[in-house]
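A closer look at the structure
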Amino acid sequence: MEAPRGKTLKLLLLVLNCAMLSLGTCGGPLLMRLYFIHGGARVWLSSWLETGGWPIIFVPLAVAYSRRHAAEGPSTRLVLMDPFLFIASAIIGVLTGLDNYLYAYGVARLPVSTSALLIAPQLAFTAGFAFLLVRQLFTSYSINSYYAGFFMTLGAAALYGFILPLVELTYKKAKQAITYSLVLEIQLVMCFFATAFCTIGMLVNKDFQAIRREARNFELGEARYYVVLVWNAIVWQFFFLGAIGVVFYSSSLFSGIVIAVLLPVTEILAIICFQEKFQAEKGVSLALSLWGFASYFYGEFKHAKKEKKQRQQQQETEARQQGLP
């Protein structure tokens, strides 16, 4: 049984990763849309920025290595990842790069509040793929839970709904202990290959040559153009770090739940920041997302209560068998 101190630390780290995921889920789409509505037009550049901040991961990796080195001494391994995890992470990274492009394509053509509405089915995709890939069971409570742009965004929802359980499956199939340091290495490789995928797209589309011209014509000014790009990369990195952290400390299904419940928050922020219309279907989306979130936690509460009762009964049975009072 996990020690109370270990459970508390795990809970705190889960909350921290949920906070990073929340920042990325809400801030990433807003910054991406800000780029497009003020004169930005490069979809491959926007998709590149979603994982282009991957060098940031070296900071927590360096801290983690320092802690391991202090505990283990000179024998500390610099890289924990084995070849299987590297190949799996690289494949997932390429899929992530494709997902980035599909999502950026949708945001370029749809208001944030509309694209958030279309991303909402991601929870259903995540739940379905989580069940198929890692047998992540969900209760009856959690079950409740302009054309090209429309279908691209739906495609992004489906693909990322597949990626999250695939990450969890990679953890389960690994032939080594999965620690958070290793999770950071996996994220680093995933983001590197996703960025490499989008870099090829940028080269083919000649986006690198267009950046300076686009910056000069940006409605908010040239300096702010680069500020928007930099913050895009930083905030999206919070999203990906938070997502894989939640998968590590909880499950891919819970990560999908958190993303789903934050989508209406993103809708409301888009309405406030960009004066987008709040239509009836967006209100329905808000209600359904909150309902799904509440249903999930109610189901988890009932499941935890049932497990606790079963453990107590088992302990009582074992005590009687041993002849204890």
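Look above for the structure.
So, a few notes on the structure that sits alongside this text. (Residues numbered from 1 in each chain as written. Predicted model: local features only at pLDDT ≥ 70, side-chain atom pairs only at ≥ 80, totals over all residues. Heavy atoms only, no water.)

**Some details on empty space enclosed by the protein**
- By volume, the second largest cavity amounts to about 30 Å³.
- For the lining of the second largest cavity, the elements supplying multiple residues, two or more each, are helix H8 (148-173), helix H9 (180-205) and helix H11 (222-249).
- Among the elements that line the lining of the second largest cavity, the one with the most residues is H8, at four residues. (1 Å grid on protein atoms, 1.4 Å probe; cavity = no way out; pocket = protein on both sides within 12 Å on 5 of 7 lines; lining within 4 Å. Points joined across faces, edges and corners; volume = space filled by probe spheres on them. Helix = DSSP H or I, 4+ residues; strand = E, 2+ residues; numbered from the N terminus.)

**Some details on the side chain of Ser 181**
- Residue placement: Ser 181 occurs in helix H9.
- What makes Ser 181 buried here is its relative accessible area of 11%.
- Residues contacting Ser 181, with those up to four places away along its chain left out, are Leu 61, Ala 64, Arg 68 and Leu 80. (Buried < 20%, exposed > 50% of the residue type's maximum accessible area, 1.4 Å probe, protein only. Contact = heavy atoms within 4.5 Å.)

**Let's talk about the packing of aromatic side chains**
- With the rule as written, the count across this model stands at 18 aromatic pairs.
- Relative to Phe 36, the ring of Tyr 35 has its centre 5.0 Å away and its plane inclined at 65°; by these criteria the two rings are edge-to-face. When sorted by exposure, Tyr 35 lands in the same class as Phe 36, which is buried.
- A ring pair is formed by Trp 44 and Tyr 101, whose centres lie 4.3 Å apart and whose planes are at 25°; its orientation type is stacked. You can see Trp 44 sitting in helix H2 (residues 43-51) and its partner Tyr 101 sitting in helix H4 (residues 83-109), a full 57 residues away along the chain.
- Overall, the relative accessible area of 18% leaves Trp 44 in the buried class.
- Taking relative accessible area as the criterion, Tyr 101 reaches 19% and is therefore assigned buried.
- Connected via pairs of aromatic rings, a cluster forms that spans Tyr 35, Phe 36, Phe 218, Tyr 225 and Tyr 226. (Phe/Tyr/Trp six-rings, centres within 6.5 Å; stacked < 30°, edge-to-face > 60°.)

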